[in-house]
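# Overview (structure and organization)
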Amino acid sequence: MAVSEERVTGVLREATVRDVDSIVALLRDYAEQGLLLPRTRQSVLEILPSFRVIDVAGRVQGVASLCILGDDLAEIRSLAVAPEAQGGGFGKRLVQALLVYAADLQLPKVLALTYQEMFFSRCGFHVVEKHTLHQKIWKDCINCKKFPVCDEIAMIYETGV
């Protein structure tokens, strides 16, 4: 299936309260597959300013958030693209926007815990050993059904700041 021009040029913007239900629904689909941690409506509301979305004709088709873990590290979380919008470059656009945001915040490193090593490699990330990371990155892991045996790959992007 060819990706329509509208999908490719969806509007990347900060999330608003009106987006919360769409964000939760999109993340729930991936959480049920074990690919993302589940997020409640309240948890999304509490960190809403950290979310970016891609809006196509008033519908959220992609989402990601940036969680600050310390003065030297942030994490890209909750990266998801609607199945019908995959292949349109939305994931890469969301990651790039959050990397710019992290650099603007003067954060030298951005973490991704992922199963998508090739995707993040193409975005400039490199694999690191999990034991080299802050302990506070694991605070949400207690909510994961795979805890304490995490099989995600830890990857870092260096912002150059």
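Please refer to the structure higher up on the page.
The following paragraphs examine the structure supplied in this document. As a convention, each chain's residues are numbered from 1 in the sequence order in which they are written. Note on the predicted model: pLDDT of at least 70 is required for a residue's local features to be given, and 80 or more for side-chain atom pairs to be given and counted; whole-chain, interface and lining totals, by contrast, use all residues. Hydrogen atoms and water are omitted, and side-chain values are computed over all heavy atoms in the structure.

Every helix listed is a DSSP run of H or I at least four residues long, and every strand listed is a run of E at least two residues long, numbered separately from the N terminus. Expected span of a helix, by definition, is 1.5 Å for each gap between consecutive residues, and there is one gap fewer than residues. If you check helix H2 (residues 20-32), its first and last C-alpha atoms are 18 Å apart, about what 13 residues at 1.5 Å a residue would give, namely 18 Å. Those residues of H2 not exposed but buried are Val20, Ile23, Val24, Leu26, Leu27, Tyr30 and Ala31. Here the buried residues of H2 occupy an arc of 170° about the axis, which is enough to place them on one side. Contacts were defined at the residue level, with two residues in contact if any of their heavy atoms lie within 4.5 Å. The inward-facing, buried residues of H2 abut helix H3 (41-46), strand S2 (51-56), strand S3 (59-70) and strand S4 (73-81). Taken from the residues just after H2, glycine 34 is the one with a positive phi, measuring 80°. Throughout this description, buried means an accessible area under 20% of the type-specific maximum (1.4 Å probe, protein chains only), exposed means over 50%, and partly exposed covers the range between. The arc in question is formed by the directions pointing from the helix axis toward the C-beta atoms.

Right, let's get into the packing of aromatic side chains. Two aromatic rings, drawn from Phe, Tyr or Trp (for Trp, its six-membered ring), form a pair once their centres lie within 6.5 Å of each other, and the interplanar angle then sorts them: stacked below 30 degrees, edge-to-face above 60, tilted otherwise. Evaluated as defined, the whole model comprises 3 aromatic pairs. With centroids separated by 5.0 Å and ring planes inclined at 85°, the aromatic side chains of phenylalanine 119 and phenylalanine 120 adopt a geometry described as edge-to-face. One exposure class covers both phenylalanine 119 and phenylalanine 120, and it is buried. With a centroid separation of 5.1 Å and 80° between ring planes, the pair formed by phenylalanine 120 and phenylalanine 125 is classed as edge-to-face. In this structure phenylalanine 120 comes out as buried when scored by relative accessible area, which is 5%. Taken together, the ring pairs in this structure connect Phe119, Phe120, Phe125 and Tyr157 into an aromatic cluster.

Our next topic: the nonpolar core. Considering soluble globular proteins, one finds that nonpolar side chains tend to be buried as a cluster. In terms of nonpolar packing, the biggest core is built from 38 residues, with Ile23, Val63, Ile76, Val95 and Phe125 touching the most fellow members. Taken together, the elements giving at least two residues each to this core come down to H2, S2, S3, S4, helix H4 (90-104), strand S5 (109-114) and helix H5 (117-122). Sequence-distant contacts of isoleucine 23, that is, excluding residues within four places in its chain, are made with Ala15, Val44, Leu48, Phe51, Val53 and Val63. Definition used in this section: a nonpolar core is a set of buried Ala, Val, Leu, Ile, Met, Phe, Trp, Tyr and Cys residues joined via side-chain atoms within 4.5 Å.

Honestly, it's all geometry; don't read function into it.
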